[in-house]
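One letter stands for each residue in the lines below.
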Amino acid sequence: QVQLVESGGGLVQAGGSLRLSCAASGRTFSRCTMGWFRQAPGKEREFVVGISWSGGRTYYADSVKGRFTISRDNAKSTVTLQMNSLKPEDTAVYYCASGPSGLYIPPEDSDPEKYVYWGQGTQVTVSS
């Protein structure tokens, strides 16, 4: 069982930055593909970015490429999403997600069904 706890959301003006963190419990974090998804009101959950076990491979949705950066620290069991140049359309609840331990999910796999553990979500609001 893996528990994920996100933090770092908030309200920011367009063009600003926020840093989201996800703290994971469990001893097998280093063997879990991690990802961030987001869901805006009235819309389906959307893939944002995925990162491989070691952090050596990442894949970003086109909508955030060049503005968001994901990283992980396996020693601390944390994943971080640095979000720069935020736009009003980035407004959503952001969720940290983990794939099953030991099953490699390519970072470019955007299917939320592949991720089995989810955090409670953190609200990001970008004002224009």
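Just above, that's the structure.
The paragraphs below set out a description of the structure included in this document.

Conventions and cut-offs
- Residues numbered from 1 in each chain as written.
- Predicted model: local features only at pLDDT ≥ 70, side-chain atom pairs only at ≥ 80, totals over all residues.
- Heavy atoms only, no water.
- Helix = DSSP H or I, 4+ residues; strand = E, 2+ residues; numbered from the N terminus.
- Contact = heavy atoms within 4.5 Å.
- Pairing = 2+ DSSP bridges.
- Axes fitted to C-alpha atoms, helices over the stretch in contact; angles between N-to-C directions.
- Buried < 20%, exposed > 50% of the residue type's maximum accessible area, 1.4 Å probe, protein only.

1. Some thoughts on the environment of Q13
Logical step 1: Its location among the elements puts Q13 in strand β2 (residues 10-13).
Logical step 2: The contact partners of Q13, leaving out residues within four places of it in the chain, are V126 and S127.

2. Looking at the sheet that holds strand β1 (residues 4-7)
Logical step 1: The antiparallel open sheet is built from 4 strands, whose spatial order is β1-β3-β8-β7. Each edge of the open sheet is held by one strand with a lone partner, namely β1 and β7 (68-73). Taking the axes of each pair of neighbouring strands and ignoring which way they run, one obtains an average angle of 15° across the sheet.
Logical step 2: Looking at chain direction, β1 and strand β3 (residues 18-24) are connected through 4 bridges and run antiparallel. What sits directly across from L4, in β3, is A24.

3. Points about the pairing of strand β4 (residues 34-39)
Regular strands show a simple pattern: their side chains alternate between the two faces of the sheet.
Logical step 1: Among the 6 residues of β4, 5 are classified as buried, and the element is accordingly described as predominantly covered.
Logical step 2: Relative to strand β5 (residues 46-51), β4 runs antiparallel, the two sharing 5 bridges. Bridge assignment links M34 to a residue of β5, and that residue is I51.
Logical step 3: With antiparallel pairing between neighbouring strands as the criterion, β4 and β5 make up a hairpin whose turn holds 6 residues, including G42 at a positive phi of roughly 75°.
Logical step 4: Bridge analysis of β4 against strand β9 (residues 92-98) gives 6 bridges, and the strand direction is antiparallel. What sits directly across from M34, in β9, is S98.

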